[in-house]
Amino acid sequence: MSLTQAIAIEQYQLACDQLMEIAEDYNASEEAVEVALAAAQELTLEFIDKTIDDINGLNRQYDSFIDTMTRMIEDLERTTLELLIIEPLKQSLQRAKEKRLKPVETQTSWAYKFAQLISWLRQRAGIR
């Protein structure tokens, strides 16, 4: 399985939901709540509902998401926060990384190449 728009959106939303759970946890410190809320807002603005059609752009956006999540987890670890609260977010990041590290099969499939050809033909027809 390779990275698709649907997989990316699912990972973005899962991370945002987990950040909101941290923000709503009554055991979390006020500082952790602020960091989690800011992180969830950043994810919403930067990644959620942003559709990218080409696979290379999607890969770049997903790499940026992983970097952003890594930074957010580091920020949360600096706050007073029980490890059990942040563990699901860390596991989610690890699963997201695994999805990205798998080879992109769509670049070699006939269906993908055909879709690229159709897209190119449409662009050419629109230019003329």
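Q: It is not clear to me how helix 1 (residues 5-24) should be interpreted in this structure. Could you clarify?
A: Residues spaced three or four apart along an α-helix face the same direction, because each turn holds 3.6 residues. Helix length check: helix 1 (20 residues) gives 29 Å between terminal C-alpha atoms against 28 Å at 1.5 Å per residue, within 8%. Looking only at helix 1, the buried set comprises Gln-5, Ile-7, Ala-8, Gln-11, Tyr-12, Ala-15, Cys-16, Gln-18, Leu-19, Ile-22 and Ala-23.

Q: What am I meant to see in helix 3 (residues 55-77) here?
A: In this model, helix 3 (23 residues) spans 33 Å end to end at C-alpha, consistent with the 33 Å of a helix rising 1.5 Å per residue. Two or three places before Asn-56, at the opening of helix 3, Asp-54 has a side-chain oxygen 3.3 Å from that residue's backbone nitrogen.

Q: Can you help me understand the nonpolar core in this one?
A: A general feature of soluble globular proteins is that nonpolar side chains tend to end up buried together. Within the largest apolar cluster, 33 residues are counted, with the highest numbers of intra-cluster contacts made by Leu-19, Leu-43, Tyr-62, Phe-65, Met-69, Leu-76 and Leu-81. Those elements that place two or more of their residues in this core are helix 1, helix 2 (30-46), helix 3 and helix 4 (83-101). If one sorts the elements of this core by residue count, helix 3 sits on top with nine residues. The contact partners of Leu-76, leaving out residues within four places of it in the chain, are Leu-19, Ile-22, Ala-32, Val-35, Ala-36, Leu-81, Ile-86 and Leu-89.

What counts, and at which threshold
Residues numbered from 1 in each chain as written. Predicted model: local features only at pLDDT ≥ 70, side-chain atom pairs only at ≥ 80, totals over all residues. Heavy atoms only, no water. Helix = DSSP H or I, 4+ residues; strand = E, 2+ residues; numbered from the N terminus. Expected span 1.5 Å × (residues − 1). Buried < 20%, exposed > 50% of the residue type's maximum accessible area, 1.4 Å probe, protein only. Polar contact = N/O pair within 3.5 Å; in protein donor to acceptor, adjacent residues only side chain to side chain. Core = buried A, V, L, I, M, F, W, Y, C linked by side-chain atoms within 4.5 Å. Contact = heavy atoms within 4.5 Å.

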